[in-house]
Amino acid sequence: MAGTDNLIIFDTTLRDGEQSPGASMDIQEKIQIANALNDLNVDVIEAGFPIASKGDFTAVKEIADSIKTSRICALARALEKDILRAADALKNAKLSRIHTFIATSPIHMEMKLKMTPEQVIKNAVNAVTIARDNAEDVEFSPEDAGRSDFNFLCEIIEQVINAGATTINIPDTVGYNMPHQFGELIEKIISNVPNANKAIFSVHCHNDLGLAVSNSLSSVLHGARQVECTINGLGERAGNAALEEIVMTVKTRRDIFSCDTRINTKKIMNCSRLVSSITGFPVQPNKAIVGKNAFAHESGIHQDGIIKSRETYEIMRAEDVGLVSNSLVLGKHSGRNALKQKMEQLNLKYESEESFNDLFSRFKELADKKHEIYDEDIIQLSNNVQLSGDDIQLISMSVVCDSSKKPYAKVTLDIKGKELDSSAEGDGAVDAAFNAINNLIDLNIDLKLYSVNNITSGTDAQGEVTVRVLKGEVIVNGHGADTDIVKASVLAYLNAINKIYHNPNLESKKLSGI
Ligand code: KIV
Ligand code: ZN
């Protein structure tokens, strides 16, 4: 089927992306990202690896139950129990895919799997047969294909296509290949495998040498018609190919690529910000397409050129990736209609009039502290819906930072209707505030990540804080934003604590005072 004009975009932010060290997401966050990917119009969403944990299974299931446009894919090793678990998670999906894989490089077969090449083929064929019994659409990946023996690769691919695989994904698992080499490999596979016309060829490139996007695009030029990628290039180690770079390259260089994607590129920025905010991984300012500077022009010569003709220094339009050119928008005198109009412009949705009211009152609070409200502020407000029904709420807080003394914080919380306060010292203002909260709420949690990102520039900018805490084996993320970063940190910490308290799968110790 190589030669079709549609380049299938297979997003693996929720699976390979989540494997980034320190990028775990909770179920609600995965659902939020899946909805954003569906809005972006990605063809396939790899939602997770259901056998890996109960949380992974539930996330894939809930995504499969609710997403109706994109195809939902679940990953499974070439093992019957993995495949059946994936099939179970996908059973209510409108469109589903089982993705099964086994390693094919000599080093992986000998050292990791301790299998002979014949055993690997047998397992792969068996896995694809079981997957086909459970799904119409089956993808097979020979893991570490980029370092596998060419003839062996062709042989296993021929056999899994005969067993019913409909997509063959060629991963450069360790990011070892060069663009010309990887593209040629794809072309050679397609022309050597006798039944290649019965499958779509895909690539999955890692970024260890910074070549993931180049390798993927070279493969597209050589016949690949699916690219596996992630928002912001998230992924195991140095990450995967960045979705936004693949999509915008193919769109911008239509003179070179004979295919295009179905992606609604105007939603790219929104998705990028959401993933960054949920994972707490800021996007570097000079990152292609979605970095803060990607469409900024600093030098006088460039600014002069842009004023005379945009094309002098811009090959893409900022609006096409979802950046609204005039980003300074609202202030404290702006009303409900202005906010609604702005949200529409930014493609932001709210679920009900009640949630809009909540957003509007948070917008007013922010406008009181910060005179100029930028698009980024509004996106942040809309992505981080605070739950007024939370059991634990911040009533007030104060911190004392005196360079000659240990930082000190006092917090007053509403814990299920009861007002309680506590104070503590710490190594810094945030540490002191968290210690004061821990005095009131003993949940035995471990803080795994604390990240602050400024949403806009200036000292009055909102700081967006992400915390990641571990409770038993469950990871929970908390988010908070405020112009005061200590308060943003406290809000993020309480957000995580409320999630733990509401999670039925967690045996949380009772909160003191309840
Ligand atoms: O990098 C890799 O090889 C993978 C496979 C599971 C496709 O992520
Ligand atoms: Zn991978």
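Now for a quick tour of the structure. (Residues numbered from 1 in each chain as written. Chains lettered and ligands numbered in written order. Predicted model: local features only at pLDDT ≥ 70, side-chain atom pairs only at ≥ 80, totals over all residues. Heavy atoms only, no water.)

## Side note on the side chain of Lys287
Mapping Lys287 onto the fold places it in the loop between α10 (268-279) and α11 (300-308). Polar contacts involving the side chain of Lys287 include one to the side chain of Glu245, which spans 2.4 Å. Excluding residues within four positions of it along the chain, Lys287 makes contact with Asn232, Ala242, Glu244, Glu245 and Ala294. (Helix = DSSP H or I, 4+ residues; strand = E, 2+ residues; numbered from the N terminus. Polar contact = N/O pair within 3.5 Å; in protein donor to acceptor, adjacent residues only side chain to side chain. Contact = heavy atoms within 4.5 Å.)

## A short note on the sheet that holds strand β14 (residues 446-454)
Spatial strand order, β14-β15-β16: 3 strands in an open sheet with antiparallel pairing. The sheet is open, and its two borders are formed by β14 and β16 (474-482), each paired with just one other strand. Adjacent strand axes in the sheet meet at a mean angle of 15°, parallel and antiparallel pairs treated alike. Here strand β15 (residues 463-471) runs beside β16; their pairing, made up of 9 bridges, is antiparallel. From the neighbouring strand, Val469 faces β16, where its bridge partner is Val476. Its contacts with the sheet place helix α16 (residues 485-502) against β14, β15 and β16, and it is angled at close to 145° to β16. (Pairing = 2+ DSSP bridges. Axes fitted to C-alpha atoms, helices over the stretch in contact; angles between N-to-C directions.)

## Topic: the site of ligand 1
By nearness alone, every residue bordering ligand 1 is listed as Arg15, Asp16, His99, Phe101, Ser141, Glu143, Asn169, Pro171, Thr173, His204 and His206. One of the side-chain N or O atoms of Arg15 is found 2.9 Å from an oxygen atom in ligand 1. Interatomic distance of 3.0 Å between a side-chain N/O atom of His206 and an oxygen atom of ligand 1. Those elements that provide at least two residues to the shell around ligand 1 are β4 (96-103), β5 (138-143) and β6 (167-172). Considering only residue class, the shell around ligand 1 consists of 2 nonpolar, 6 polar and 3 charged. (Near = heavy atom within 4 Å. Nonpolar A, V, L, I, M, F, W, Y, C, P; charged D, E, K, R; others polar.)

## As for the packing of helix α5 (residues 117-134) against helix α6 (residues 150-163)
With their axes 9 Å apart at the nearest point, α5 and α6 run at an angle of 25° to one another. As summarised for this structure, α5 and α6 are arranged roughly parallel, according to the angle between their axes. Judged by the twist between their axes, the crossing of α5 over α6 is right-handed. Contact with α5, carried on its side by Pro117, Val120, Ile121, Ala124, Val125, Val128, Thr129 and Arg132, involves Phe152, Glu155, Ile156, Gln159, Val160 and Ala163 of α6 and no other residues of that element. Split by residue class, the contact of α5 with α6 holds 10 nonpolar, 2 polar and 2 charged. (Parallel < 35°, antiparallel > 145°, perpendicular 65-115°, else oblique. Left-handed = near helix turned anticlockwise from the far one by under 90°.)

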